[in-house]
Amino acid sequence: MNLYLRYFDKETLVSNADEAIDFLHSIQEIDLTPDLEADIRDYVDSDVFYPKRYKIRPRVYFIIIKTTAPTMLDFKQKKALHPAAPAAIQDRRDLAATAMTKLTELRPGWYEGSLDFKRVLMIPATGKHEYRDTHFEVRCKAESGQDCYNRMVEHLRERVDSRSQFPSAKGKNFRFRYLGMWK
């Protein structure tokens, strides 16, 4: 495992924490304290692959990046990307695709849906309006999760102030569950 360090236009690729600390000592603007040295050593020894940024003064940092690139050229050409990152990104995309598939899957029957939305209510004492978090649950006949959401919002739009705000069907404020086929 190598370490890429950069401070403005000064950069290097080193193989261990001691070389990294020696590089940082060569830069006069960086005040290398024992705590900072210990933190750098801890970062190098950890399993964390995220880049680490250290503050020198307001809006001025140096960075350390762990890499498997053997040379600076390989690092610059991104030939040594960490193999776990693309798989994690792909897993997240698969989860999102699965959630969207569940939402739009045609499955006629009874659904239980719950929705958290911002409802506009008038305060009688002042005559002014305010947004209140409101929870709404319903059991309805629908063709899919999306259809359940559409029916809930349509029902609410007829009964609450038109300025009320409804979340997206894809968001965390809408949940549904398929209960079974209707008779």
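Residues numbered from 1 in each chain as written. Predicted model: local features only at pLDDT ≥ 70, side-chain atom pairs only at ≥ 80, totals over all residues. Heavy atoms only, no water.

Focus on the side chain of Thr-12
Phase 1: On the secondary structure map, Thr-12 appears in strand E2 (residues 10–14).
Phase 2: Its relative accessible area of 18% is what places Thr-12 among the buried residues.
Phase 3: If near-sequence neighbours (up to four positions away) are discounted, Thr-12 is found in contact with Leu-3, Tyr-4, Leu-5, Phe-23 and Met-72. (Helix = DSSP H or I, 4+ residues; strand = E, 2+ residues; numbered from the N terminus. Buried < 20%, exposed > 50% of the residue type's maximum accessible area, 1.4 Å probe, protein only. Contact = heavy atoms within 4.5 Å.)

Focus: the packing of aromatic side chains
Each aromatic ring pair is described using two quantities: the centre-to-centre distance and the angle formed by the ring planes.
Phase 1: Counted under the stated rule, the structure contains eight aromatic pairs.
Phase 2: A ring pair is formed by Tyr-111 and Phe-176, whose centres lie 6.1 Å apart and whose planes are at 50°; its orientation type is tilted. One end of the pair, Tyr-111, is in strand E5 (residues 109–122); the other, Phe-176, is in strand E7 (residues 174–180), and 65 residues separate them in sequence.
Phase 3: On the basis of relative accessible area, Tyr-111 is assigned to the buried category, the value being 2%.
Phase 4: With a centroid separation of 5.2 Å and an interplanar angle of 70°, the aromatic rings of Tyr-111 and Tyr-178 are classed as edge-to-face. With a gap of 67 residues between them, Tyr-111 in strand E5 and Tyr-178 in strand E7 connect regions that are remote in the sequence.
Phase 5: Owing to a relative accessible area of 23%, Tyr-178 belongs among the partly exposed residues under this scheme.
Phase 6: Among the aromatic residues, those joined into a ring-pair cluster are Tyr-111, Tyr-149, Phe-174, Phe-176 and Tyr-178. (Phe/Tyr/Trp six-rings, centres within 6.5 Å; stacked < 30°, edge-to-face > 60°.)

Notes on helix H2 (residues 34–45)
Phase 1: Over its twelve residues, H2 runs 16 Å from end to end, which matches the ideal 16 Å to within 8%, given 1.5 Å per residue.
Phase 2: For H2, the set of buried residues is Leu-36, Ile-40 and Tyr-43. The arc enclosing the buried residues of H2, seen along the axis, measures out at 60°, which places them on a common side. Exposed side of H2, more than 90 degrees from the buried face: Pro-34, Asp-35, Asp-42 and Asp-45 are the residues found there.
Phase 3: Buried-residue contacts for H2 involve helix H1 (17–25), strand E3 (52–57) and strand E4 (60–67). (Expected span 1.5 Å × (residues − 1). Arc of directions from axis to C-beta.)

Examining the pairing of E3
Phase 1: In terms of strand pairing, E3 meets E4 through five bridges, oriented antiparallel. The partner of Lys-55 across the bridge, within E4, is Tyr-61.
Phase 2: Between E3 and E4, which pair antiparallel in sequence order, lie two residues; one of them, Arg-59, sits at a positive phi of approximately 65°. (Pairing = 2+ DSSP bridges.)

Focus on the sheet that holds strand E1 (residues 2–7)
Phase 1: The four strands are arranged E2-E1-E4-E3 in an open sheet whose pairing can be described as antiparallel. Of all the strands in the sheet, just E2 and E3 have a single pairing partner and so form its edges. Across the sheet, the mean angle from the axis of one strand to that of its neighbour is 15°, orientation sign disregarded.
Phase 2: One ladder, built from five bridges, connects E1 with E4; its direction is antiparallel. Looking across to E4, one finds that Arg-6 is bridged to Ile-63.
Phase 3: Across the face of the sheet, H2 comes into contact with E1, E3 and E4 while running at roughly 30° to E4. (Axes fitted to C-alpha atoms, helices over the stretch in contact; angles between N-to-C directions.)

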